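Residue strings, one per chain:
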Amino acid sequence: GLKIMNVSGLAKLETINCYQCTSLTSLNLSGCASITYLNLPCQALASLNVDDCAELAELRCETCPLRSLNLDNNPKLKTLVLSRTQISSLNLSSV
């Protein structure tokens, strides 16, 4: 199945459905300015880049081995759920 997805810079992309993406290990949504909500129950997802997703208000990554998360320049982020991930530190200074 799909392991790496890079859709960075798609400024008009509004939704992405990653249900059943059991092999996805890396997702780059950098610059996808129109995304408002992400629910990523991806069992293999280890790296996620959502920097410059200006409209992103809610991000849910649960039950995945997520180790890396870039949240730079997400001024509207209000809800962040990272339960059962492997993140050991998180920089929220630019959120």
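Structure's up top.
Residues numbered from 1 in each chain as written. Predicted model: local features only at pLDDT ≥ 70, side-chain atom pairs only at ≥ 80, totals over all residues. Heavy atoms only, no water.

(A) Inspection of the sheet that holds strand β2 (residues 26–28) at higher detail. Read from one edge to the other, the open sheet built from 4 strands follows the order β1-β2-β4-β6, with strand pairing classed as parallel. The sheet terminates laterally at β1 (4–6) and β6 (68–70), the two strands that pair on one side only. Ignoring which end each strand starts from, the neighbouring axes of this sheet average 0° apart. Relative to β6, strand β4 (residues 47–49) runs parallel, the two sharing 3 bridges. Note on β6: the bridge partner recorded for N49 is N70. (Pairing = 2+ DSSP bridges. Helix = DSSP H or I, 4+ residues; strand = E, 2+ residues; numbered from the N terminus. Axes fitted to C-alpha atoms, helices over the stretch in contact; angles between N-to-C directions.)

(B) Molecular detail of the sheet that holds strand β5 (residues 58–60). Across the sheet, which stays open at both edges, the 3 strands sit in the order β3-β5-β7 with parallel pairing between neighbours. Among the strands making up the open sheet, the edge pair consists of β3 (37–39) and β7 (79–81). Averaged over all neighbouring strand pairs, the angle between strand axes comes to 5°, with direction disregarded. As paired elements, β3 and β5 share 3 bridges and run parallel to each other. In the sheet register, L38 faces β5, and the bridge partner there is L59.

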